[in-house]
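# Fold and contact review
So the chains spell out like this:
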Amino acid sequence: MNLERSLEHLNCINVIRFAEPMSGHTSFRAGGIADAFAEPGNREELAEIIAAAEALGVPYFIMGNGTNVLVRDEGYRGIIIKLGDGFRVCEVNGLTVKAGAGASLSAMAKRAAEESVSGFEELSGIPGTVGGAVRMNAGAYGVSISDVTKEIYYLEDGECKVMDASDACFSYRYSVFCDKPGAVILGALFEGKDIKSKDLIVSSMNGYTQKRKASQPLEFPSAGSTFKRPKEGYASRLIDECGLKGLGVGGAKVSEKHAGFIINCGGATAGDILALMKKVRDIVYAEKGVELEPEIVIL
Ligand SMILES: Cc1cc2nc3c(=O)[nH]c(=O)nc-3n(C[C@H](O)[C@H](O)[C@H](O)COP(=O)(O)OP(=O)(O)OC[C@H]3O[C@@H](n4cnc5c(N)ncnc54)[C@H](O)[C@@H]3O)c2cc1C
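Analysis parameters
- Residues numbered from 1 in each chain as written.
- Predicted model: local features only at pLDDT ≥ 70, side-chain atom pairs only at ≥ 80, totals over all residues.
- Heavy atoms only, no water.
- Helix = DSSP H or I, 4+ residues; strand = E, 2+ residues; numbered from the N terminus.
- Rg over C-alpha atoms; globule rule 2.2 N^0.38 Å.
- Buried < 20%, exposed > 50% of the residue type's maximum accessible area, 1.4 Å probe, protein only.
- Contact = heavy atoms within 4.5 Å.
- Areas by Shrake-Rupley, 256 points an atom, 1.4 Å probe, with all protein chains shown as cover.
- Lys, Arg positive; Asp, Glu negative; His and termini not counted.
- Charge placed at Lys NZ, Arg CZ, Asp CG, Glu CD.
- Expected span 1.5 Å × (residues − 1).
- Arc of directions from axis to C-beta.
- Domains from an automatic or database assignment.
- Buried area = accessible area lost by both parts, 1.4 Å probe.
- Salt bridge = Lys/Arg side-chain N within 4 Å of Asp/Glu carboxyl O.
- Near = heavy atom within 4 Å.
- Polar contact = N/O pair within 3.5 Å; in protein donor to acceptor, adjacent residues only side chain to side chain.
- Nonpolar A, V, L, I, M, F, W, Y, C, P; charged D, E, K, R; others polar.

Once that is clear, we can look at the overall build of the protein chain. For the protein chain, the helix and strand inventory stands at seven helices and 19 strands. The C-alpha radius of gyration of the protein chain comes to 20 Å, within 12% of the 19 Å expected for a compact globule of 299 residues. With the principal axes as the frame, the protein chain shows a C-alpha extent of 55 × 55 × 30 Å. When the 299 residues of the protein chain are sorted by exposure, 49% land in the buried category. Counting contacts in the protein chain only where the partners sit at least 6 residues apart, residues at least 24 apart contribute 64% of the total. Accessible surface, the protein chain as shown: approximately 13600 Å² in total, 49% of it carbon and sulfur. Here the protein chain contributes 33 positively and 39 negatively charged side chains, and the mean placements of these two sets differ by 6 Å.

Shown next, in the form of structure tokens:
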């Protein structure tokens, strides 16, 4: 099927690009080409693209900031959808913050800080969007997005729905949206902890940024922690204890600074990253008897 020709009649064709390299849209800076990449600016455009994909029987995938995704070198035979400007709105009202799924966590935390609302400082350095964070139940420094989420707004089967956070089955790096691949998170309502001085909030956020800079290889492309934390302890500790820091395949390497991160040292292909992940998993299993499970989403 010629996807470009099949979609040319859409009203929002101007927000769709074809044969788009995903290395430009993922924090790994690696991976293949998507047949189509769409950035709908509002719900009507989003609904039009999804309806067209469903009518054509073409798969689609919702991407946030691409900070936890690896697209295989073979690329994606379908439409990758990234929520555009209309989904980045962030409103603060008392202690509550209503944010579009495309808003970055750092923008949301800054917006809350401007209104003296605390509770988002720990999450502020996670480089994803609200949608990606809710789906993954992202968290850092003892706080998860589930701790501050009240309601989730999402699109499913063509209908806009609201879910109470208590129904999202949040657990470590999991929400019910992991099992609803057709649902698109549109936004969420959060509740901060407290009203505090702006300076205190900003200085706490800066403290977390410094901690990240000191412990994570932020100077290299990566997708953060490659593996989930197993019940036996931190994946990074197990990988380090197996002496795997610095282990490489092609342009991909286990970071010397943080063994939990696989980094792209330059020119890594998705194949290099996947091969390195396999090596690390095999060695950790052989030496420690622990099966590491990828945290990153592989497309
Ligand atoms: C340097 C670095 C540091 C990191 N540190 C942390 C950390 O401290 N803690 C942590 O938890 N993670 C961390 N991560 C990983 C990542 O930032 C988080 O998992 C983040 O929540 C992913 O958000 P995203 O918008 O980039 O989502 P993506 O990576 O684009 O997508 C992740 C998943 O969410 C889905 N998704 C995205 N948006 C939507 C939507 N609107 N509706 C439905 N599904 C959606 C995608 O389909 C995909 O399955 C780090 C990554 C990097 C690169």
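Three or four residues apart is the spacing at which side chains of an α-helix point the same way, because the helix has 3.6 residues per turn. The end-to-end C-alpha separation of helix 5 (residues 198-215) is 26 Å, in line with the 26 Å expected for 18 residues at 1.5 Å each. Buried within helix 5 we find Ile-201, Met-205, Tyr-208 and Arg-212. For helix 5, the arc enclosing every buried residue in end-on projection is 60°, short of the 170-degree limit, so these residues lie on one face. Exposed and facing more than 90 degrees away from the buried side of helix 5 are Asp-199, Leu-200 and Ala-214. For helix 5, the secondary structure elements touched by its buried residues are helix 3 (105-114), strand 8 (117-118) and strand 9 (139-140).

Here we come to the domain arrangement of the protein chain. Segmenting the protein chain into domains produces domain 1 (3-85), domain 2 (88-213) and domain 3 (217-298). Look at where the C-alpha atoms of domain 2 and domain 3 centre, and you get two points 27 Å apart. Residue-level contacts link six residues of domain 2 with six residues of domain 3. Carbon and sulfur atoms supply 56% of the area that domain 2 and domain 3 bury against each other, a total of about 570 Å² over both sides. On the domain 2 side of the contact with domain 3, Tyr-172, Arg-173 and Lys-213 bury the most area, a combined 68% of that side's loss. Linking domain 2 with domain 3 are one salt bridge, by the criterion used here. Here Arg-173 and Glu-295 are joined by a salt bridge, their closest N and O atoms 3.6 Å apart.

Before going further, it helps to examine the site of the ligand. Around the ligand, the surrounding shell holds 35 residues, and the nearest of these are Ile-62, Gly-64, Thr-67, Thr-129 and Gly-139. For the ligand, an oxygen atom lies 2.9 Å from a polar atom in the backbone of Asn-65. Within the side chain of Thr-129, one N or O atom sits 2.6 Å away from an oxygen atom of the ligand. In isolation the ligand offers 970 Å² of accessible surface; the protein chains occlude 93% of this area. Among the elements of the structure, strand 3 (60-63), helix 4 (130-136), strand 9, strand 13 (184-191) and strand 15 (222-225) are those that each provide at least two residues to the shell around the ligand. Among the residues making up the shell around the ligand, the classes are represented as 18 nonpolar, 14 polar and three charged.

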